[in-house]
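Structural overview
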Amino acid sequence: MWEINQLLNTDPYDFERLVAHLFEKMGYNTHSTQQSRDGGVDIEISIDNFGLSHRWLVQAKRYSGPVGVKEVREYGSLSYRENVDGVIIVTTSSFTGEGRKEGAKHNLKLIEGPLLTEMLNHYCTDEGESFHRKGRGVDVLETGEEVFGRHSATIEGNRIWLVLTKKHIYFEKITATLFSKKKELIRRIDASSIIGLKQDTNSLYIVIDEKNPEVLALSIREPKSFAENLELFRPSFLRGETLLKLEKEKKGCLVLTNRRFLMMDKGNIETIRLKDIAGAEIEKQGILQKDKLAILESKESITRHIYDVENASDWREAILKGLGKE
């Protein structure tokens, strides 16, 4: 049986993972945000049935004292973000009277400790003992997903493990001390968001599109083995969009798929749909300068976009091939 004291003795991050796991059991798609980049959000949950979609933001607070009006007001502001249907605040404690009134103003859903344990005892009946025995959050890999690959990697200077299942890629960080070892889930990528990958001498690049297009640069000990394992579940993430070409630059990345051309530069994304490309040309430079790539975008008029690339001829050929104009 799940009990409040049991939850209060957990790490706050593990508590967030447990709450995310609970909503998964309830049938939601969940995404736990990275601690350093959550923008005030712990967990995002969504559900899509027959075209009816709902997206909620969840705050998971492992508190012993009541949650007051100030925090409820702060989290209530999240409900006014774009494409958000509501906010849920989950706590191991309770809410003050003023906190409940503030929640009602913003139509927040407030889940207090007794209701939380009731939900856990209903949806996660068989996992309380395991959670208590470990003294840490439920490992996401205990949710029934079959693991068929674990790969040591480095991302942004951090050593991690990439854990592959048929639904996700988990980014798992292991912190070891003399007396213990702790696993942290720092990111999870849905397989359906993967567009493709490219391998070069030192790195492996994974192109994904969850909320926004993104290129993840990884240093993997055995990149060939990782790529082969990723291909094992390729049928599960085929989405009609495939990677045709990628070039990593100091400023960002150039990405070409069978649907769009992307220029990603420090968070800024410039997108040209392939159906709007009238052609691609090589802009000749002087003797000591590299040729540049010119993409002709056709909407109400022709717009010429110029890009510095390693090999303009290769890019032109790839774009024309994507347009079926080889």
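For the protein chain, an unreviewed UniProt entry supplies the name Restriction system protein and the organism Methanohalophilus halophilus.

1. Comments concerning the nonpolar core
Counting residues in hydrophobic clusters, the biggest one holds 20 residues, and the most contacted among them are Val19, Phe23, Val58, Ile88, Val90, Leu116 and Leu120. Those elements that place two or more of their residues in this core are α2 (12-25), β2 (43-49), β3 (52-61), β4 (86-91) and α5 (113-123). With residues up to four places along the chain from it excluded, the contact list for Leu120 reads Trp2, Leu7, Leu18, Leu22 and Thr125.

2. What to know about the packing of aromatic side chains
Tallying each qualifying case throughout the model produces 3 aromatic pairs. Relative to Tyr307, the ring of Phe261 lies with its centre 5.0 Å away and its plane at 55°, an arrangement referred to as tilted. One end of the pair, Phe261, is in strand β15 (residues 260-265); the other, Tyr307, is in strand β19 (residues 302-307), with 46 residues separating them in the sequence. Take Phe261 and Tyr307: they sit in the same class, and that class is buried. Here the aromatic rings of Phe261 and Trp315 are separated by 5.9 Å at their centres, their planes lie at 80°, and the arrangement is edge-to-face.

3. Points about the pattern of salt bridges
Summed over all chains, the structure comprises 17 salt bridges. Between Glu98 and Lys101 there is a salt bridge, with its nearest N and O atoms 3.7 Å apart. Highlighted residues: Glu98 and Lys101, both in helix α4 (residues 97-105), separated by 3 residues, approximately one helical turn. Between Glu310 and Lys290 there is a salt bridge, with the nearest N and O atoms lying 4.0 Å from each other. Here Glu310, found in the loop between β19 and α9 (312-322), pairs with Lys290, found in the loop between β17 (277-283) and β18 (292-298); they are 20 residues apart in sequence, far enough to count as distant. Here Glu310 falls in the exposed class, since its relative accessible area comes to 59%.

4. Things to note about α2
Compared with an ideal rise of 1.5 Å per residue, which puts 14 residues at 20 Å, α2 spans 20 Å between its outermost C-alpha atoms and is within 8% of the ideal. For α2, the buried fraction is high: 11 of the 14 residues fall into the buried class. For α2, every residue scored as buried is listed here: Tyr13, Asp14, Phe15, Glu16, Arg17, Leu18, Val19, Ala20, His21, Leu22 and Phe23. Looking one or two places after α2, you find Gly27, whose phi comes out positive at around 100°.

5. Some thoughts on the pairing of strand β13 (residues 243-248)
As defined by bridge partners, β13 adjoins strand β14 (residues 252-257) across 5 bridges and the pair is classed as antiparallel. Bridge pairing in β14 links Leu246 to Val255. Where β13 hands over to β14, the hairpin turn is made up of 3 residues, counted between the paired strands.

6. Let's talk about the side chain of Ser203
Relative to the assigned elements, Ser203 resides in the loop between β10 (194-199) and β11 (204-209). Ignoring sequence-local partners within four residues, the contact set of Ser203 consists of Lys198 and Leu218.

7. Section: the sheet that holds β19
Pairing is antiparallel across the open sheet formed by 3 strands, whose spatial order is β17-β18-β19. Taken across any chain shown, the strands that pair with only one partner, and hence form the sheet edges, are β17 and β19. Across the sheet, the axes of successive neighbouring strands diverge by a mean angle of 20°, strand direction being ignored. Direction of pairing for β17 relative to β18: antiparallel, over a ladder of 6 bridges. Bridge pairing in β18 links Ala280 to Ile295. Sheet strands in contact with α9 are β17 and β18, and its direction is about 165° off that of β17.

8. Some thoughts on the packing of helix α3 (residues 69-76) against α4
Two elements in contact, α3 and α4, have axes separated by 8 Å at closest approach and are oriented at 15°. By the angle class used here, α3 and α4 are roughly parallel. For the pair α3 and α4, the sense of crossing is right-handed. Contact with α3, carried on its side by Val69, Val72 and Arg73, involves Glu98, Gly99, Glu102 and Gly103 of α4 and no other residues of that element. For the contact of α3 with α4, the class distribution of residues is 2 nonpolar, 2 polar and 3 charged.

Criteria and thresholds
Residues numbered from 1 in each chain as written. Predicted model: local features only at pLDDT ≥ 70, side-chain atom pairs only at ≥ 80, totals over all residues. Heavy atoms only, no water. Core = buried A, V, L, I, M, F, W, Y, C linked by side-chain atoms within 4.5 Å. Buried < 20%, exposed > 50% of the residue type's maximum accessible area, 1.4 Å probe, protein only. Helix = DSSP H or I, 4+ residues; strand = E, 2+ residues; numbered from the N terminus. Contact = heavy atoms within 4.5 Å. Phe/Tyr/Trp six-rings, centres within 6.5 Å; stacked < 30°, edge-to-face > 60°. Salt bridge = Lys/Arg side-chain N within 4 Å of Asp/Glu carboxyl O. Expected span 1.5 Å × (residues − 1). Pairing = 2+ DSSP bridges. Axes fitted to C-alpha atoms, helices over the stretch in contact; angles between N-to-C directions. Parallel < 35°, antiparallel > 145°, perpendicular 65-115°, else oblique. Left-handed = near helix turned anticlockwise from the far one by under 90°. Nonpolar A, V, L, I, M, F, W, Y, C, P; charged D, E, K, R; others polar.

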